Amino acid sequence: MSKRIYLDHAATTYTNKEVLNEMLPYFTEYFGNPSSVHQFGREVKKSIDVARDRVAKAIGALPEEIYFTAGGSEADNLAIKGVAYANKSKGNHIITTKIEHPAVLETCEQLEKEGFEVTFLDVDQYGVVSPEAVRNAIKDNTILISVMYANNEIGTIQPISEIAQIANEKKIYFHTDAVQAIGSIRINVKEQNIDMLSMASHKFYGPKGVGALYVRKGVKLISIIHGGSQERKRRAGTENVPGIIGIGKAIELAYQKFDENNARITMLRDKLIKGIMEKVPYTRLNGHPENRLPNNTNFCFEYIEGESLLLNLDMKGIAGSSGSACSSGSLEPSHVLLAIGLPHEIAHGSLRLSLGEVNTEEDIEYVLQVLPEIVDRLRQMSPLYEKVKGGK
Amino acid sequence: MSKRIYLDHAATTYTNKEVLNEMLPYFTEYFGNPSSVHQFGREVKKSIDVARDRVAKAIGALPEEIYFTAGGSEADNLAIKGVAYANKSKGNHIITTKIEHPAVLETCEQLEKEGFEVTFLDVDQYGVVSPEAVRNAIKDNTILISVMYANNEIGTIQPISEIAQIANEKKIYFHTDAVQAIGSIRINVKEQNIDMLSMASHKFYGPKGVGALYVRKGVKLISIIHGGSQERKRRAGTENVPGIIGIGKAIELAYQKFDENNARITMLRDKLIKGIMEKVPYTRLNGHPENRLPNNTNFCFEYIEGESLLLNLDMKGIAGSSGSACSSGSLEPSHVLLAIGLPHEIAHGSLRLSLGEVNTEEDIEYVLQVLPEIVDRLRQMSPLYEKVKGGK
Amino acid sequence: MYSDKVMDHFSSPRNVGEIENADGVGEVGNAHCGDIMKIYLKIEDEVITDVKFKTFGCGAAIATSSIATEMIKGKTVEEALKITNKAVVESLDGLPPQKIHCSVLAEEAVKAAIEDYQKKKAQ
Amino acid sequence: MYSDKVMDHFSSPRNVGEIENADGVGEVGNAHCGDIMKIYLKIEDEVITDVKFKTFGCGAAIATSSIATEMIKGKTVEEALKITNKAVVESLDGLPPQKIHCSVLAEEAVKAAIEDYQKKKAQ
Ligand SMILES: Cc1ncc(COP(=O)(O)O)c(C=O)c1O
Ligand SMILES: Cc1ncc(COP(=O)(O)O)c(C=O)c1O
């Protein structure tokens, strides 16, 4: 099997060569500790400042509002716990949604155990959070609202500006997990009233192990990793210098190539969606039909289960992902698919194919050729499908 | 100025070329998310397992006892907060020392604010913690003892086995920050009764932004970064794959080259110490005369201040560090030097020169030629020295 | 994640299908949990002469169904009843911990089909 | 971290030394805090004709001492008293926030030396 088609860009991307090349000298040549007084340290410090500028510029923030972390999860944890612990005296209520990434959900659940009160908002059938629902959930003791920019499973884009506007009116901190949005959506934190925003480099062709949290000046936040005075005392630890150089370059490239890439990827996405919906019966498209990430497709194929579909695709060289959390040891299907109202048995049969820069029309055609056969074969093997056919 | 001599290996090291070469394919070729079911994910998962084995082997642990983090500070935070929060019901008293790295000290101070009780033990003039003092500090509600393996400023090696033995007898968890010790000291966590041990890759020629925490099976610990189920639910977030490959290779190399490197570096260290003590009057060697890291030297030059000494050395191409936290915006001299009993005015004049694989005898000779002149020049400029000379 | 043996049985499952007028049929699991196994038996003189299965489920569910049918084919009913989930796991060279329940399902499916046969016979 | 101007004054400090029988001497700061500045003045007809300093301290402490002595040399006592720490910072093209206190020390050292001169004169 020599064909290998990667359609799991929402899980992670390769690091762009240009990004890697910019990182390389920082492993062996410019290796000083940026906190050091000497030349080896100072030259590195300057490069970190450049990276910080690039990240800030991409989202319309100030450089001093960017804090580098080890990834999206740490950024989410820092934002949510950081604000919760620092603002306890004002209130202990947090509003979020049922479709957040575990980095937000589990953090909120941990805070619940510690005595915070959390409202997990419902979403509609497309996975959209209603700004009105956010407004109605606000109480006197609400200190934080956290709503993801775009969903990692079904790609639905949220009305972030409206929600942030409501938070702003009510003087409640607003955080958005934009891990999936960076590079696919143009964001301006100032115009959009966003107080905090999380990102992870490895979702936009930067290296793994580095992310960033934007924190608007004036937001009260305590750190979750204590120690040295790096990142202006908000995140201790010797900086992941090559990683930081990498996220800086990657975000710059993402927005330089923004129009070209997203137009092409959207076109491929639509071709894939159209092809699958036409060729495979008993199939649903999950997520919003229009308001979705340019690179996201997510389907439920009734009567079959996601993992066996994935494995079969993998044997044909196609790498996708299933909403079902099978591999993580739980029998629960995706919390996101349940939140949009799918019954368990259908939610088990989901497939996410997420596109990237490298994908071509031929890739899509190959998927459209291979996938229907696999689905059919698995259905022939499924006792559920038997009943459907029988009933016909 | 073309000469550049790096003598700040305790702050950070370059990444070894062999280590980097092993990492490189994981940026662009083997870039899958290790949690993914498909081929791209599975091949990476295997490599992470290899890295975990290597780290485990180096310290005599089991692979499933190794948790990768973003560095030494995160490992320290995870160990200390993780045990404190998970064992609150058993007690709220923690024992540590006055000479820990800020990653431990500030974490303990944060816990104090949250209602934990922390004993910060004194050390002797060489920076040694007494096992008896540890024993005497233990109370019924003590849940954790954390003592660093070797000090990052003055290089003193602690009687870790004795202290761990006491903790073990009393059934109290024992953590050691071994960030400076890995690669310089042979460690066996099982034989030495160590329950938790922190390390950071960038101190032993691995990449920055990755570290590890060893947690003995059975230790109760809650995570500090919540989210996905990576690292067996103890540290959420997509793995820093190249970083993890890097720490695995780096620790393997460090112990392969252990005898050769440490013998050579110890010889250079002793030459440096001898030379400086002979050539520069009014100078003290800080730390233990024998029981110190093979690569550590730390001096106080009376009547002058550390930063101006550093800057002058830097102008001559020599990169060192000063215990004085001048650059971090505080006027306090090193907490370690104060803890070993130095008065403030002397503690301000400290210099740490820490050696590494690349250093040569010529480097040492160059330092021995340049340093005395600089110290003398600064003393001529110092109103304190004037009084000393006047008094003679 | 999966052993070669699991992948073999998953990618070329043995005995997939239905048996018309089967002597015993057992179905266990439910769609809610994401696993259903249905086993059809042809039994002559207390010997399982033919067996087929249909499964809705993950890779391990399909592989355990496949190997279980292989393990009972040609066996007497009594022998087949002795097959445990542990034996299923072993003959697949192991399963990841979170997939052990699939082997339990396979054992239960075999038992359910045999029970069905025995019930029919008793009538 | 430091501007070129700071580095210039740090690496080649102007007016280092002592003046024997100085007309005014001021010493501020203390060793405990890691900064001591001592300034010596030679004053003729209320004009500072010569100035020297000695400093124990960080790079910024040395650079601010150096530039402060340059700034007052040739000035009248009255003019010298008007030199603020802000002026010192500006003529060094800025200082990192945590080093601003060095410029305050420099201002104070100049003032202390002049006060000493005035006290002596008044005697
Ligand atoms: C003893 C000690 N502990 C902890 C740390 C923190 O490690 P890192 O900077 O990788 O977070 C360091 C190094 O800075 C150290 O020397
Ligand atoms: C929406 C979202 N939030 C957070 C994360 C966590 O990011 P990381 O895995 O880099 O910690 C991810 C990706 O895994 C994500 O898709």
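Residues numbered from 1 in each chain as written. Chains lettered and ligands numbered in written order. Predicted model: local features only at pLDDT ≥ 70, side-chain atom pairs only at ≥ 80, totals over all residues. Heavy atoms only, no water.

## Here we look at the relation of the copies chain B and chain A
Now for step 1: When chain B is fitted onto chain A, the two copies agree to an RMSD of 0.0 Å after a turn of 180° and an axial shift of 0.0 Å. In symmetry terms, the pair is related by a two-fold rotation axis. Of every C-alpha in chain B, the one belonging to A70 of chain B sits nearest the axis of rotation, 3.0 Å from it.
Now for step 2: Mapped onto chain A, 100% of the interface residues of chain B are again interface residues, and the two copies thus contact each other with one and the same surface. (Least-squares fit on C-alpha atoms with pLDDT ≥ 70 in both. Contact = heavy atoms within 4.5 Å.)

## Digging into the site of ligand 1
Now for step 1: Neighbouring ligand 1 are 14 residues; T238 of chain A together with S73, D177, H202 and K203 of chain B lie closest to it.
Now for step 2: At 3.2 Å, a backbone N or O of G72 of chain B approaches an oxygen atom of ligand 1.
Now for step 3: Protein chains shield 95% of the accessible area of ligand 1, which is 390 Å² for the free molecule.
Now for step 4: Ranked by the residues each element gives to the shell around ligand 1, the list is headed by helix α4 (residues 72–86) of chain B, at 3 residues.
Now for step 5: When grouped by side-chain class, the residues that make up the shell around ligand 1 number 3 nonpolar, 8 polar and 3 charged. (Near = heavy atom within 4 Å. Polar contact = N/O pair within 3.5 Å; in protein donor to acceptor, adjacent residues only side chain to side chain. Areas by Shrake-Rupley, 256 points an atom, 1.4 Å probe, with all protein chains shown as cover. Helix = DSSP H or I, 4+ residues; strand = E, 2+ residues; numbered from the N terminus. Nonpolar A, V, L, I, M, F, W, Y, C, P; charged D, E, K, R; others polar.)

## A look at the sheet that holds strand β6 (residues 173–177) of chain B
All names here are of chain B.
Now for step 1: The strand order across the open sheet formed by 7 strands is β2-β8-β7-β6-β5-β3-β4, and the pairing between neighbours is mixed. With one partner strand each, in any of the chains shown, β2 (66–69) and β4 (117–121) form the two edges of the open sheet. In this sheet, adjacent strand axes meet at a mean angle of 20° when their direction is disregarded.
Now for step 2: Alignment of strand β3 (residues 93–97) against strand β5 (residues 142–146), held across 3 bridges, turns out to be parallel. What sits directly across from H93, in β5, is T142.
Now for step 3: The sheet contacts of helix α3 (residues 39–59) involve β2, β7 (196–200) and β8 (211–215), and relative to β2 the element is tilted by about 115°. (Pairing = 2+ DSSP bridges. Axes fitted to C-alpha atoms, helices over the stretch in contact; angles between N-to-C directions.)

## Things to note about the domain arrangement of chain A
Residue and element names in this part refer to chain A.
Now for step 1: According to the domain assignment, chain A consists of domain 1 (5–13 + 258–385) and domain 2 (17–256).
Now for step 2: Between domain 1 and domain 2, the residue contacts involve 28 residues of the former and 34 residues of the latter.
Now for step 3: Between domain 1 and domain 2, a total of about 2,500 Å² is buried, with carbon and sulfur atoms accounting for 53% of that surface.
Now for step 4: When the buried surface of domain 1 facing domain 2 is broken down by residue, T13, F258 and L293 rank first, second and third, together holding 29% of it.
Now for step 5: Two residues, D259 and R186, come together in a salt bridge whose shortest N-O distance is 3.4 Å.
Now for step 6: For the pair domain 1 and domain 2, the number of links is 23 residue pairs in polar contact (both at pLDDT 80 or more).
Now for step 7: Contributions of two or more residues to the side of domain 1 that touches domain 2 are made by α9 (258–279), β10 (296–301) and α11 (335–339).
Now for step 8: If you tally residues by element for the side of domain 1 that touches domain 2, the top one is α11, at 4 residues.
Now for step 9: Looking at the side of domain 1 that touches domain 2 residue by residue, the class counts come to 10 nonpolar, 14 polar and 4 charged. (Domains from an automatic or database assignment. Buried area = accessible area lost by both parts, 1.4 Å probe. Salt bridge = Lys/Arg side-chain N within 4 Å of Asp/Glu carboxyl O.)

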